[in-house]
Amino acid sequence: MTLAVLDGGTFYHHDTIYGPRYRANFHRAIYVRELAPRDLDGISLLIVPDRINPDQLRAHHQLLIEFADAGNTLIVFGENEAETWLPGAVWASRPTNFWWWLEPGAKPPHRLVDPRHALFEAVRFEDTIWHFHGVLTPPAGARTLIDVPAEGDYPGGALLYEDTVTTRGRIIVATLDPFYHHGSGFMPATTRFLDSFLPWAKNQASSQVVPARDGAARKP
Amino acid sequence: MSALLFTFGYRDRAMGSFAEHPAAAGRIIRRDLYDFDDINLDDVSVLLFSMHADQRFLAARAGRIAEFVRNGGTVLANGHIAYPFLPDIGAYTPAPGQSLKHLRIRRVAEHAIWKGVNEDDLTFRRGVAGFYGRGGHQPPPGATVIHTVGQDAQPVDFIYRLGAGRVLIHGGNDLWQYGGGDSTALIAPQLIAWLFGDSI
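Residues numbered from 1 in each chain as written. Chains lettered and ligands numbered in written order. Predicted model: local features only at pLDDT ≥ 70, side-chain atom pairs only at ≥ 80, totals over all residues. Heavy atoms only, no water.

J.: Would you mind showing me how to read the overall build of chain B here?
T.: Of the regular secondary structure elements, chain B holds 6 helices and 12 strands. Overall, chain B is about 45 × 35 × 35 Å in size when its C-alpha atoms are taken along their principal axes. Counting over 200 residues, chain B shows a buried share of 58%. At a minimum sequence separation of 6, the contacts of chain B that also span at least 24 residues come to 69%. For chain B, the accessible area works out to roughly 8200 Å², and carbon and sulfur atoms hold 48% of it. (Helix = DSSP H or I, 4+ residues; strand = E, 2+ residues; numbered from the N terminus. Buried < 20%, exposed > 50% of the residue type's maximum accessible area, 1.4 Å probe, protein only. Contact = heavy atoms within 4.5 Å. Areas by Shrake-Rupley, 256 points an atom, 1.4 Å probe, with all protein chains shown as cover.)

J.: Just to check I follow, could you spell out the overall build of chain A for this structure?
T.: Counting its secondary structure elements, chain A contains 6 helices and 12 strands. Its C-alpha radius of gyration of 17 Å places chain A within 12% of the 17 Å reference for a compact globule of 220 residues. The dimensions of chain A, computed from C-alpha atoms along their principal axes, are 55 × 40 × 35 Å. The buried share of chain A, taken over its 220 residues, is 56%. Both charge centroids of chain A, one from 20 positive and one from 25 negative side chains, sit 6 Å from each other. (Rg over C-alpha atoms; globule rule 2.2 N^0.38 Å. Lys, Arg positive; Asp, Glu negative; His and termini not counted. Charge placed at Lys NZ, Arg CZ, Asp CG, Glu CD.)

J.: How do you make sense of unusual backbone geometry when you look at a structure like this?
T.: A negative phi holds for most residues other than glycine; trans holds for most peptide bonds. Residues and elements named next belong to chain B. Even without being glycine, Ala 25 reaches a positive phi, approximately 50°. Checked against the element boundaries, Ala 25 lands in the loop between helix 1 (13–19) and strand 2 (28–32). What makes Ala 25 exposed here is its relative accessible area of 62%.

J.: Which parts of the structure should I look at to understand the sheet that holds strand 11 (residues 154–162) of chain B?
T.: Strand pairs in the sheet, formed through backbone hydrogen bonds, run parallel or antiparallel to each other. Residue and element names in this part refer to chain B. Pairing is mixed in the open sheet, where 8 strands are placed in the order 2-1-3-4-12-11-10-6. Every other strand in the sheet has two partners, leaving strand 2 and strand 6 (105–107) as the edge strands with one partner each. Neighbour to neighbour, the strand axes of the sheet diverge by 20° on average, direction disregarded. Pairing of strand 6 with strand 10 (residues 144–149), which is carried by 3 bridges, proceeds in the antiparallel orientation. Counterpart to Ile 105 in the pairing with strand 10 is Val 149. (Pairing = 2+ DSSP bridges. Axes fitted to C-alpha atoms, helices over the stretch in contact; angles between N-to-C directions.)

J.: Would you mind going over the environment of Arg56(B) with me for this structure?
T.: The residue Arg56(B) is located in helix 2 (residues 55–59) in this model. Discounting chain neighbours no more than four positions away, the residues touching Arg56(B) are Asp7(A), Gly9(A), Tyr18(A), Tyr31(A), Glu34(A) and Tyr83(B). Among the polar contacts made by the side chain of Arg56(B), one reaches the side chain of Asp7(A) at a distance of 2.6 Å. (Polar contact = N/O pair within 3.5 Å; in protein donor to acceptor, adjacent residues only side chain to side chain.)

J.: Would you mind going over helix 6 (residues 187–195) of chain B with me for this structure?
T.: Working note: α-helix, 3.6 residues per turn, so residues spaced by three or four point in the same direction. Judged by how many residues are buried, helix 6 of chain B sits mostly within the fold: 7 of 9 residues are covered. Along helix 6 of chain B, the residues that are buried comprise Ile187(B), Ala188(B), Gln190(B), Leu191(B), Ile192(B), Trp194(B) and Leu195(B).

J.: Quick question: what am I supposed to make of the pairing of strand 3 (residues 44–49) of chain B here?
T.: Every other side chain in a regular strand lies on the same face of the sheet, so the side chains alternate between the two faces. Residues and elements named next belong to chain B. Here strand 3 lies mainly inside the structure; 6 of its 6 residues are buried. Relative to strand 3, strand 1 (residues 2–7) is paired through 4 bridges, and the arrangement is parallel. What sits directly across from Ser 2, in strand 3, is Val 44.

J.: Would you explain the packing of aromatic side chains in this entry?
T.: Counted by the stated rule, this structure contains 19 aromatic pairs over all chains. Seen from their ring centres, Phe11(A) and Tyr12(A) are 5.3 Å apart, and the 75° between their planes marks the pair as edge-to-face. Both rings, one in Phe6(B) and one in Phe36(B), keep their centres 5.7 Å apart while their planes meet at 70°; by these two values the pair is edge-to-face. Here Phe6(B) is found in strand 1, whereas its partner Phe36(B) is found in the loop between strand 2 and strand 3, with 30 residues between them in sequence. Accessibility expressed as a relative area gives 0% for Phe36(B), which makes it buried. Through a chain of ring-to-ring contacts, the aromatic side chains of Phe26(A), Phe77(A), Trp130(A), Phe179(A), Phe193(A), Phe197(A) and Trp200(A) assemble into a single cluster. Between Arg51(A) and the ring centre of Tyr180(A), over which it is positioned, the NZ or CZ distance is 4.4 Å. Above the face of the Phe57(B) ring, Arg61(B) is positioned so that its terminal group lies 3.7 Å from the ring centre. (Phe/Tyr/Trp six-rings, centres within 6.5 Å; stacked < 30°, edge-to-face > 60°. Lys NZ or Arg CZ within 6 Å of the ring centre and 35° of its normal.)

J.: I tried to follow the nonpolar core on my own but got confused; where do I start?
T.: Within the largest apolar cluster, 73 residues are counted, with the highest numbers of intra-cluster contacts made by Ile47(A), Phe197(A), Phe18(B), Ile28(B), Leu48(B) and Trp114(B). With 8 residues, helix 6 (residues 188–207) of chain A is the largest single contributor of residues to this core. Counting residues in each nonpolar core, the second largest holds 29 residues, with Phe6(B), Leu33(B), Leu41(B) and Phe57(B) among its members. (Core = buried A, V, L, I, M, F, W, Y, C linked by side-chain atoms within 4.5 Å.)

J.: Looking at this model, I keep getting lost on the confidence of the model for chain B. Mind explaining?
T.: Do not read the predicted coordinates in detail wherever pLDDT is low. Summary statistics for chain B give a mean pLDDT of 95 and a share of 100% for residues scoring 70 or more. Two summary scores accompany this predicted model of the complex, namely pTM at 0.94 and ipTM at 0.96. (pLDDT = per-residue confidence, 0-100.)

J.: Hey, could you run me through the side chain of His52(B) in this one?
T.: Within the element layout of this structure, His52(B) appears in the loop between strand 3 and helix 2. Given the relative accessible area of 5%, His52(B) is considered buried. Ignoring any residue separated from it by four or fewer positions in sequence, one finds His52(B) in contact with Thr10(A), Tyr12(A), Arg51(A), Tyr180(A), Phe8(B), Tyr10(B), Asp12(B) and Asp174(B).

J.: What is the right way to look at the interface of chain B and chain A in this model?
T.: How big an interface is tends to be stated in terms of accessible area lost as the parts join. On the side of chain A, 28 residues touch chain B, which itself brings 24 residues to the contact. Each partner contributes to the roughly 2200 Å² buried at the junction of chain B and chain A, and carbon and sulfur atoms together form 55% of this total. Taken as a group, Tyr10(B), Tyr34(B) and Arg56(B) account for 26% of the area that chain B buries against chain A, more than any other trio of residues on that side. For the pair chain B and chain A, the interface holds 1 salt bridge. The shortest N-O distance in the salt bridge between Arg56(B) and Asp7(A) comes to 2.6 Å. (Buried area = accessible area lost by both parts, 1.4 Å probe. Salt bridge = Lys/Arg side-chain N within 4 Å of Asp/Glu carboxyl O.)

Dropping the structure here:
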């Protein structure tokens, strides 16, 4: 079983997906405007990178949900207006402090809620920390992995969660936007994140049990 | 004549501020990029493409864009060019390092868009270098290079003529993002004057 990624056609999607650093992690890259059900045949894990045009995702949302509901893993990164097309996700904006790392002694508000999650055997929590634009309230029963507390009048919420209740598969949702920052050539934390996250995702894809079309589970 | 500023599915505050800039006097109109095929360009003088534009989509329309320029139009494209949607531009080459010697912006030609804009205000944002541009494109022969980055002098901003029109490439974050409490606040109004003026 294999890993696919959506391509939004921007230069940063191009650099991150087709550049030599990560290309071998993706078994298939699908231009989002051409996404068709047959593209997901044989795919067990689909990454929706950050800053894919949300109009396109809204147009294709049924296909994406059905993909997860077939027992697969859907990973959704940030700045995609996921709350407008992904069931159960609620978004609240927060003022973005792009510069927290310049403040002497500043401590980012990120909290590792679920350090036992298998993701963190591969990905260092420190490499998930950079600025954020808002927080998500996950659907009931979902598992928050990283969150930030409320601040003043602004609500707290999840920056990364895993939802295994809304569909028969798994949906991992992050507010993080590593494809944009890595592909633009700045913010080294985003490159460190992808360096560990993508091999983890590839490994997840290859070890995942995917339901056959008749509903019976089969090993890849 | 008006300018079309192409949006890409989600709101971008800097883009909104630029479209509504008083100097533009309502002449900058926002349109969804994917409406491009349905837009009559006869009454349009400028096309503005963000760094977030779907270049794969634009590359499939490169002929129409080039024809628009040859007929006297102006195109501003921001970001790195990954797909050939404009003629005669070489590949993007990132700066070879992240230190200041690789990231310092230098002005190599004076230009009305950047008149009075301090080079250091382009190089640094809150003391950090690299936001304005981190690499360059090989410009076409005859292009006017305005700014370079780093000791390799890679072209970040350049303008070239194509037929009766002109193309401005800014190989970094969208030009309309600049305008904080320093001299970069001059860029937006001066860019608008250039977009609707005749000079190169």
